[in-house]
Amino acid sequence: MTAAPVFPTNQDLDPAGLRQAFGIFPTGVVAVAAEVDGELTGLAASSFTSVSLDPPLVSFSIANTSKTWPQLRRARHVGVTILADHHGPVARRLAGPVETRFEGLTLARTDLGAVTLRDGLAQFDTSIYREVEAGDHTIVLLRLHTVEHVDTSSPLVFHRSSFRSLLHPQA
């Protein structure tokens, strides 16, 4: 018989170790975007998840240090696009310099300002339902208004600090 594993106490948790442990679990990647005051603004998020069917809610988490979220959260509606496995460069661009985030992308805009990528796996028109402070991040709950999903290819995933495909090791 082997001894039970010894888990470190909370005092032994360090950010680098936590990031490494959290990175073991793959997550989907989405683009979150809107037009605010005539300007496109958006970001990539790898913490997207479904929350509720009634009311229809999804969520993502954003670092409290984000310089994009204060602008994006002013939008009446926010577009969310589930990225496909070929969107690795797009996800990196959405995390890069603001002025080049949308270069070369084919976008759709709603009358209420939600912006989505036309070639994503699914596109959602949402509005902010609630924000929940959670340590160094904020959990953003979004209410769904419309959904489109026609693409059946493989999603982009974030795993061990890299964008990947379910079918191929590196995206």
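Above this text sits the structure in question.
1. Observations regarding the pairing of strand β6 (residues 78-82)
β6 sits mainly inside the fold: four of its five residues count as buried. Looking at chain direction, strand β2 (residues 30-36) and β6 are connected through four bridges and run antiparallel. Following the sheet pairing, Val30 is matched in β6 by Ile82. Bridge analysis of β6 against strand β9 (residues 122-134) gives five bridges, and the strand direction is antiparallel.

2. Focus: the sheet that holds strand β10 (residues 137-148)
If you trace the seven strands from one edge of the open sheet to the other, you get β3-β2-β6-β9-β10-β5-β4, paired in antiparallel fashion. Looking at the sheet topology across the chains shown, the edges are occupied by β3 (39-45) and β4 (49-53). Across the sheet, the axes of successive neighbouring strands diverge by a mean angle of 35°, strand direction being ignored. Relative to β10, β9 runs antiparallel, the two sharing eleven bridges. Within the sheet, the bridge partner assigned to Glu133 lies in β10 and is Thr138.

3. Describing the nonpolar core
If you look at the biggest cluster of nonpolar residues, it comprises 20 residues, and the most contacted ones within it are Val32, Leu43 and Phe60. Of all elements in the fold, only β2, β3, β5 (56-63), α2 (69-72), β6, β9 and β10 reach the threshold of two or more residues within this core. The element best represented in this core is β2, accounting for four residues. Setting aside residues up to four positions removed in sequence, Leu43 forms contacts with Val30, Ala31, Val32, Phe60, Ile62, Ser66, Thr68, Trp69, Leu72 and Leu94. Ala31, Ala33, Leu105 and Leu107 belong to the second-largest nonpolar core, a separate cluster that totals 13 residues.

4. Some remarks on the pattern of salt bridges
The tally for this structure, following the rule as stated, stands at three salt bridges. In this structure, the salt-bridge partner of Arg109 is Glu35, at a minimum N-O distance of 2.9 Å. Taken together, the residues Arg109 in strand β7 (residues 107-109) and Glu35 in strand β2 connect sequence positions 74 residues apart. When its relative accessible area of 48% is taken as the criterion, Arg109 is described as partly exposed. Accessibility expressed as a relative area gives 32% for Glu35, which makes it partly exposed. Among the salt bridges present, the one from Asp37 reaches Arg74, with a minimum N-O distance of 2.4 Å. Here the residue Asp37 occupies a position in the loop between β2 and β3, and Arg74 occupies one in the loop between α2 and β6, the gap between them amounting to 37 residues.

So, how was this worked out
- Residues numbered from 1 in each chain as written.
- Predicted model: local features only at pLDDT ≥ 70, side-chain atom pairs only at ≥ 80, totals over all residues.
- Heavy atoms only, no water.
- Buried < 20%, exposed > 50% of the residue type's maximum accessible area, 1.4 Å probe, protein only.
- Helix = DSSP H or I, 4+ residues; strand = E, 2+ residues; numbered from the N terminus.
- Pairing = 2+ DSSP bridges.
- Axes fitted to C-alpha atoms, helices over the stretch in contact; angles between N-to-C directions.
- Core = buried A, V, L, I, M, F, W, Y, C linked by side-chain atoms within 4.5 Å.
- Contact = heavy atoms within 4.5 Å.
- Salt bridge = Lys/Arg side-chain N within 4 Å of Asp/Glu carboxyl O.

Honestly, that's just the spatial picture; any functional story needs more than this.
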